[in-house]
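Structural overview
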Amino acid sequence: MRNTNIIVGILGMACAAQAFMSQATAQDRRIVIAAGTALDGKGGILHDVRIVIEGSKIVAIETKDGAKAEAVDYDLRGLTVLPGWIDAHITWNFGKDGKNAGMAGTTLEDAYQSASNAWLTLMAGFTTVQSPGALNDIPLRDAIAKGKLAGPRILTAAEPLFGQGEKTGTPEEIRAFVRKQKSAGADVIKIFASQSIRQGGGMTLSQEQLNAACDQAKKEGLRTLVHAYKDAVRTATMAGCTEIEHGTLATDDDLKLMAEKGTYLDPQAGLVIENYLQHKEQYLGTPGYTEEGFAAMEKILPMNHDLVHRAVKTPGLKIVFGTDAVAGAHGRNAEEFIDRVRDGGQDAMQAMVSANAIGAEALGMGEQIGRLAPGLQADVIALDGDPVKDITAVRRVVFVMKGGVVYKNVSRGAIPVYAGVQP
């Protein structure tokens, strides 16, 4: 069965998601949200405002004194209101045997799991995600965009470019690969320019190959997202690539060069490795996961913390939020905020901005999402607590609106101090 048919085949059975999506038919009505404290997504704090929404967009943010005399639909005073967060990865699953199945599955169960991942991610407050490319990505993206499934807005790489040295192809063959992804509907080009850190993180693409990939992507109007460690960080930066994921073992000079070139950095501070270690038995023995690899990850975790410490001290470096969420992490994405602030030394407000305005800018969507402002998409979430004062408040998402449609609205205190994966 073709993958598109698998995704479509689950639509009639996704009753919970369908129930929420039925609200989309009423999107044209005016919605008013009252907020006592709101983070605007770019570092500012708003007090006693009303966010006015028509259709899928914010049309006004009114102060208490200037607000019109109209009914409030959602009273979120006593909570912290902010734009929906932006993250990466959504279609990585565990198989029937409970073991890691990666993101290449095409079975009906894989499609169900991917739809479940989307739901959990949305419920965790992430209204937009950038996926590195999986067979389920495009049909899932399109089903969500058409209102057939509930989930975050998805941007996908369709099929990643896996670096294999000379076997990857000539620069012209790599350019042809990029054009193929554009034709397939990719929103971004994902490039693996390094081995896994479990295998040492060595470079897998030459400067000439990366130059070709990132240059062709620009010609196609696409951004590039590069999986890079050590020397590959500088190589990808010199190639003019848009964003680097991981960046572990990059030098201070590499980070300064990234700042000079305007290259975005997505340093995974902790969740991805913590998740691997937590689910070790489910990963061990599957392709790429060995005892030696797990031993390497334990050593790398403090290096990731060190990278974030150095990155936040690098003037002008644009740091975005990302979890590299793999199987076991969907719905727990916000744990990365805690890692960055607690272990990486990032300022809590800047951690929020990294998943709002800076993240939106990195996606090329700065005028559409990532801020609470008139004309932008009505992606609004609320937390039971103030993440600027207590970063663990990111675990308590009690309200989720995406594009003017409310998907979650529970009472304050309904989510325990540690929620884990919870709708």
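This write-up is about the structure you can find in this document. (Residues numbered from 1 in each chain as written. Predicted model: local features only at pLDDT ≥ 70, side-chain atom pairs only at ≥ 80, totals over all residues. Heavy atoms only, no water.)

**Side note on the overall build of the chain**
Helix and strand counts for the chain come out as 14 helices and 19 strands. Of all 423 residues assigned to the chain, the portion counted as buried reaches 59%. When the accessible surface of the chain is summed, it comes to about 16,500 Å², and 52% of that surface belongs to carbon and sulfur atoms. (Helix = DSSP H or I, 4+ residues; strand = E, 2+ residues; numbered from the N terminus. Buried < 20%, exposed > 50% of the residue type's maximum accessible area, 1.4 Å probe, protein only. Areas by Shrake-Rupley, 256 points an atom, 1.4 Å probe, with all protein chains shown as cover.)

**Notes on the packing of aromatic side chains**
Under the defined criterion, the tally for this structure stands at 12 aromatic pairs. Ring pairing ties together the aromatic residues Phe94, Tyr276, Tyr283, Tyr289 and Phe294, which thus form one cluster. Its guanidinium or amino end placed over the ring of phenylalanine 192, lysine 190 lies 4.5 Å from that ring's centre, counting from NZ or CZ. In this arrangement the basic side chain of arginine 198 is found over the ring face of tyrosine 276, its NZ or CZ atom lying 5.4 Å from the centre. (Phe/Tyr/Trp six-rings, centres within 6.5 Å; stacked < 30°, edge-to-face > 60°. Lys NZ or Arg CZ within 6 Å of the ring centre and 35° of its normal.)

**Brief notes about the pairing of strand E13 (residues 223–228)**
Of all six residues in E13, six are buried; the element is thus mostly enclosed. Residues Arg223, Leu225 and His227 line one face of E13 and the alternating positions Thr224, Val226 and Ala228 line the opposite face, and both faces are buried. Where strand E12 (residues 188–192) lies against E13, five bridges are found, and the strand directions are parallel. Bridge pairing links isoleucine 191 to valine 226 in E13. (Pairing = 2+ DSSP bridges.)

**Observations concerning the sheet that holds strand E16 (residues 318–319)**
Strands sit in the order E11-E12-E13-E14-E15-E16 across an open sheet of six strands; the sheet is parallel. A single partner strand is all that each edge strand has here, and the edge strands are strand E11 (161–162) and E16.

**Topic: the side chain of glutamine 181**
Note on placement: glutamine 181 falls in helix H5 (residues 171–184). By relative accessible area, glutamine 181 is classed as buried at 1%.

**Quick look at unusual backbone geometry**
Its identity is not glycine, yet aspartate 48 carries a phi of approximately 50 degrees, on the positive side. Here aspartate 48 is to be found in strand E2 (residues 45–54). A positive phi is found at histidine 246, a non-glycine position, where the angle reads about 80 degrees. Looking at the secondary structure, you find histidine 246 in strand E14 (residues 243–246). The buried category is assigned to histidine 246, whose relative accessible area is 7%.

**Considerations on helix H6 (residues 207–219)**
Working note: α-helix, 3.6 residues per turn, so residues spaced by three or four point in the same direction. Given a rise of 1.5 Å per residue, 13 residues ought to cover 18 Å, and the 18 Å separating the end C-alpha atoms of H6 matches this to within 8%. Those residues of H6 that sit buried are Gln209, Leu210, Ala212, Ala213, Cys214, Gln216 and Ala217. As for H6, its buried residues are in contact with E11, H5, E12, E13 and helix H7 (231–238). (Expected span 1.5 Å × (residues − 1). Contact = heavy atoms within 4.5 Å.)

**Brief notes about the nonpolar core**
Membership of the largest hydrophobic core comes to 32 residues, with the highest contact counts inside it found for Trp85, Phe337, Met352 and Val394. For this core, the secondary-structure elements that each account for two or more residues are helix H3 (108–123), helix H12 (335–343), helix H13 (348–354), helix H14 (357–362), strand E17 (380–383), strand E18 (397–402) and strand E19 (405–409). Here this core takes five residues from H13, the largest share from any one element. Contacts of valine 394, omitting those with residues within four sequence positions, involve Trp85, Ala334, Phe337, Ile338, Met352, Leu383 and Pro387. Ala193, Cys214, Leu255 and Leu307 belong to the second-largest nonpolar core, a separate cluster that totals 30 residues. (Core = buried A, V, L, I, M, F, W, Y, C linked by side-chain atoms within 4.5 Å.)

**A short note on the environment of aspartate 386**
You can see aspartate 386 is positioned in the loop between E17 and E18. For the pair aspartate 386 and alanine 38, spaced 348 residues apart in sequence, the C-alpha separation works out to 9.7 Å. Apart from residues no more than four positions distant in its own chain, aspartate 386 is found in contact with Thr80 and Ala393.

**A closer look at the packing of H5 against H6**
Where H5 meets H6, the closest approach of the two axes is 8 Å, and the angle between their N-to-C directions is 35 degrees. The two elements H5 and H6 cross, and the hand of that crossing is right-handed. Contacts from Pro171, Ile174, Arg175, Val178 and Arg179 in H5 reach Glu208, Gln209, Ala212, Ala213, Asp215, Gln216, Ala217 and Lys219 in H6. (Axes fitted to C-alpha atoms, helices over the stretch in contact; angles between N-to-C directions. Left-handed = near helix turned anticlockwise from the far one by under 90°.)

**Overview of the pairing of E2**
Sheet topology note: the strand E1 (residues 30–39)/E2 ladder contains nine bridges and is antiparallel. Considered in E2, the bridge of isoleucine 33 is made with isoleucine 51. Between E1 and E2, which pair antiparallel and follow one another directly, the connecting turn spans five residues, one of which, glycine 41, has a positive phi of 100 degrees.

That's the geometry; what it means functionally is another story.
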